[in-house]
Amino acid sequence: MAVRSTADVVVIGHGLTGAVVARTLRDAGVEVLIVDGGTQFSARPATHLRNLAVCRTDRALYADLVAALLRPVSVPPAQRVVGGATVPGMPDGRGVNRAQRPDRALPAARATATLGGMSTLWNCLAPRPNPDLEWWPGLAVAEWTRLFERAEDLLAVGADLSAASRRHAYVLKTLGEQGLIARHIPVAGRATDDGIRWTGPAEVVGDAPIPLRRCVIRRLIRSGERITGVQAIDLPSGEVGTISADVFVVAAGPLRTPALLHASNVVRDNANLGRYLCDHPLAHTQVLLDPDLREDGPGVFVETPRTADRPFHGVLLSDGHDSAVLEGGVDDRLLVSLYWYCALAPRYDNRVVFHGGASDSLGSPQPTLEYALDASDRAITAAALADLRAAAAPLGPTLPVGPPRLTSPGTSQHIMGTTRMGADDRDSVVDDRGRVWGTRNLYLAGTGLIRGATAANPTLTACALAVRTAESIARPAHTT
Ligand SMILES: Cc1cc2nc3c(=O)[nH]c(=O)nc-3n(C[C@H](O)[C@H](O)[C@H](O)COP(=O)(O)OP(=O)(O)OC[C@H]3O[C@@H](n4cnc5c(N)ncnc54)[C@H](O)[C@@H]3O)c2cc1C
């Protein structure tokens, strides 16, 4: 392993936000090295797995692959009684966590050890948040607008993939008749002669590759206000070494980014690391459309955006993969899933902490979640469930396997806030350019920077902030 890299900037994490940072820097003429410790599942590193030929031809296989690659983040070990005797639970590590209290967990929250992370598995829904309710006022409206435009460009957001779909038109019309705002939800993907090319990190980087090193980063090394290097385990060889650079960007996901900072003890004076953990409680149901609407193609991509009196964001998709559950009794092209994401106010007490010696599947410190809803949150989730039920009823019968319900906490996979951005180190971890308070050359990217309370799918916002971070690194005044 090289002891010193020649890159100006090292980006830790080849998910979408790491790719946006790296691509923006490369386009500005900065020499970048991406490092990632995930397992490579595609010939082209970090392509969206939906682009694999086998997933294009078999949608159920793709759904099973996603489910298999997502592992629990933190669940208490099950204590089982068998034949009158208590069988000891699983040992700590890889998602099982003796310190995790069941009543404070996000049992459905998942992590992956895939090269490219969640960004190779995401549903590519990339709506802008509501500008009046969800754009952090610490950035000017014109700046947010510019950043969203740039992120949409990098993620290839915009094509109306369902323009010719009768199912899509039916859902839009039926929701509109109920007085709901219903529109096409922006999707990250390009229409090609071979079908849609979904946007993952590889698609953001584009055809001119950026150097990628397959390493797990164990620790950042700090000297005064600067990070001088990272301790890395080279994946092919297992050798341990140090990578040096002028600037470091950690884009390792909303739980592994604070885990790496915790393991490195580099923000010991900031009590906000891991705090303000937020997610989107989710109401869900599945309906069956009229058989006359059977057709091939992408199908339904619809949103009913959050408004002042509806603090939730509705998404309707043709993503019914439950044909196994239905034992082939239903044509899955007629299934429409409804997802109502709730906006929660971020709270200091909701957090991720790291203690004990156990580690997850990437070797990161095992997270323990402390998360609870209060009465006002529960009022929002109850309102979302009622709204979902009313929206679903005219579309078609709900399936016995998908009645309207609140899903298990963490199902949305939208963890935010754990490394939040702010104007002041008293309530945040990074400044408005993503730089860690008290450091000169350590930056973060990802949904952890989002301050909440948003209801829109968060990845486009994280990518917009990643553009700003990369631009400020490219301007030397911010890196010294
Ligand atoms: C099934 C599913 C569907 C989703 N759909 C949507 C959607 O439609 N819209 C939306 O907005 N969001 C969606 N999300 C959430 C979305 O996937 C994430 O918000 C987004 O991918 C996060 O990107 P990221 O770059 O911050 O992190 P990631 O994509 O998770 O990338 C982090 C990378 O860091 C690497 N890494 C971590 N720790 C280390 C270390 N110590 N050393 C080296 N490398 C490390 C990992 O291997 C990984 O490659 C979905 C999530 C899932 C699971």
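Just so it is clear, the structure is predicted and the values come from calculations on it, not from any experiment.

Draft legend 1. Quick peek at helix H5 (residues 141-155). The end-to-end C-alpha separation of H5 is 21 Å, in line with the 21 Å expected for 15 residues at 1.5 Å each. Those residues of H5 lying buried are Glu143, Trp144, Leu147, Phe148, Ala151, Glu152, Leu154 and Leu155. Along the axis of H5, the buried residues cluster in a sector spanning 165 degrees; they form a single face. Buried residues in H5 make contact with helix H1 (16-27), strand S8 (189-192), helix H7 (201-205) and helix H10 (459-474).

Draft legend 2. Focus on the site of the ligand. What surrounds the ligand is a group of 35 residues, the closest being Thr17, Asp36, Ser119, Asn123 and Thr459. Within the backbone of Asn123, one N or O atom sits 2.9 Å away from a nitrogen atom of the ligand. Only H1 and strand S10 (212-223) provide two or more residues apiece to the shell around the ligand. In terms of residue count, S10 provides more of the shell around the ligand than any other element does, 3 residues in total.

Draft legend 3. Spatial organisation of the pairing of strand S12 (residues 240-243). A one-sided burial pattern is seen for S12, the buried positions being Gly241 and Ile243 and the unburied ones Val240 and Thr242. With 4 bridges connecting them, strand S11 (residues 226-234) and S12 associate as antiparallel partners. Paired with Ala232 across the bridge in S12 is Gly241. In this antiparallel pair of consecutive strands, S11 and S12, the connection spans 5 residues, and Gly238 shows a positive phi of 80 degrees.

Draft legend 4. Molecular detail of the domain arrangement of the protein chain. Domain boundaries in the protein chain define domain 1 (1-76 + 92-157 + 199-280 + 346-371 + 415-480) and domain 2 (159-195 + 282-342 + 374-408). For domain 1 versus domain 2, the distance between C-alpha centres works out to 29 Å. Domain 1 puts 25 residues into the contact, and the matching count from domain 2 is 28 residues. Summed over both partners, the interface of domain 1 with domain 2 buries about 2,100 Å², with 52% contributed by carbon and sulfur atoms. Linking domain 1 with domain 2 are 4 salt bridges. Residue Arg59 is joined to Asp332 by a salt bridge in which the shortest nitrogen-to-oxygen separation is 3.3 Å.

Draft legend 5. The sheet that holds strand S2 (residues 32-36), seen in detail. Pairing in this open sheet of 7 strands is mixed, and the strands run S12-S11-S10-S2-S1-S13-S21 from one edge to the other. The open sheet has two free edges, formed respectively by S12 and strand S21 (442-444), since each of these has just one partner strand. If you compare each strand with its neighbour and ignore which way they point, the axes differ by 35 degrees on average. Here helix H8 (residues 256-264) sits on the sheet and contacts strand S1 (9-12), S10, strand S13 (247-250) and S21; the angle it forms with S10, its principal contact strand, is near 45 degrees. Taken strand by strand, H10 contacts S1, S13 and S21, and its axis lies near 160 degrees from that of S21.

Draft legend 6. Main features of empty space enclosed by the protein. Using the criterion set out here, one finds 1 cavity of 30 Å³ or more in the structure. Here the largest cavity is characterised by a volume of approximately 30 Å³. Surrounding the largest cavity, Leu277, Cys278, Leu344, Ala345, Pro346, Arg347, Asn350, Tyr371 and Asp377 form its lining. Grouping the amino acids of the lining of the largest cavity by side-chain chemistry returns 6 nonpolar, 1 polar and 2 charged.

Draft legend 7. A look at unusual backbone geometry. Phi at Ala46 takes a positive value of approximately 65 degrees, unusual for a residue other than glycine. Inspection of the secondary structure assignment puts Ala46 in the loop between S2 and helix H2 (53-57). For Ala46, a relative accessible area of 2% translates into the label buried. Despite not being glycine, Arg94 has its phi angle at roughly 50 degrees, a positive value. A relative accessible area of 60% places Arg94 in the exposed class.

Draft legend 8. Expanded view of the packing of H1 against H10. Two elements in contact, H1 and H10, have axes whose closest approach is 8 Å; the angle formed by their N-to-C orientations is 35 degrees. Between H1 and H10 lies a crossing whose hand is right-handed. Here H1 contributes Leu16, Thr17, Val20, Val21, Thr24 and Leu25 to the contact with H10, which in turn contributes Thr459, Ala462, Cys463, Ala466, Val467, Ala470, Glu471, Ile473 and Ala474.

Draft legend 9. Quick peek at the packing of aromatic side chains. For the structure on display, the rule yields 6 aromatic pairs. Arranged with centres 5.3 Å apart and planes meeting at 45 degrees, the rings of Trp135 and Phe148 form a pair that is tilted. With Trp135 in the loop between helix H4 (131-134) and H5 and Phe148 in helix H5, the pair connects residues that are 13 residues apart, well separated along the chain. When its relative accessible area of 12% is taken as the criterion, Trp135 is described as buried. With a centroid separation of 5.4 Å and an interplanar angle of 20 degrees, the aromatic rings of Trp144 and Phe148 are classed as stacked. Remark: Phe148 and Trp144 occur in helix H5; sequence separation between them is 4 residues, near one turn of the helix.

What counts as what
- Residues numbered from 1 in each chain as written.
- Predicted model: local features only at pLDDT ≥ 70, side-chain atom pairs only at ≥ 80, totals over all residues.
- Heavy atoms only, no water.
- Helix = DSSP H or I, 4+ residues; strand = E, 2+ residues; numbered from the N terminus.
- Expected span 1.5 Å × (residues − 1).
- Buried < 20%, exposed > 50% of the residue type's maximum accessible area, 1.4 Å probe, protein only.
- Arc of directions from axis to C-beta.
- Contact = heavy atoms within 4.5 Å.
- Near = heavy atom within 4 Å.
- Polar contact = N/O pair within 3.5 Å; in protein donor to acceptor, adjacent residues only side chain to side chain.
- Pairing = 2+ DSSP bridges.
- Domains from an automatic or database assignment.
- Buried area = accessible area lost by both parts, 1.4 Å probe.
- Salt bridge = Lys/Arg side-chain N within 4 Å of Asp/Glu carboxyl O.
- Axes fitted to C-alpha atoms, helices over the stretch in contact; angles between N-to-C directions.
- 1 Å grid on protein atoms, 1.4 Å probe; cavity = no way out; pocket = protein on both sides within 12 Å on 5 of 7 lines; lining within 4 Å.
- Points joined across faces, edges and corners; volume = space filled by probe spheres on them.
- Nonpolar A, V, L, I, M, F, W, Y, C, P; charged D, E, K, R; others polar.
- Left-handed = near helix turned anticlockwise from the far one by under 90°.
- Phe/Tyr/Trp six-rings, centres within 6.5 Å; stacked < 30°, edge-to-face > 60°.

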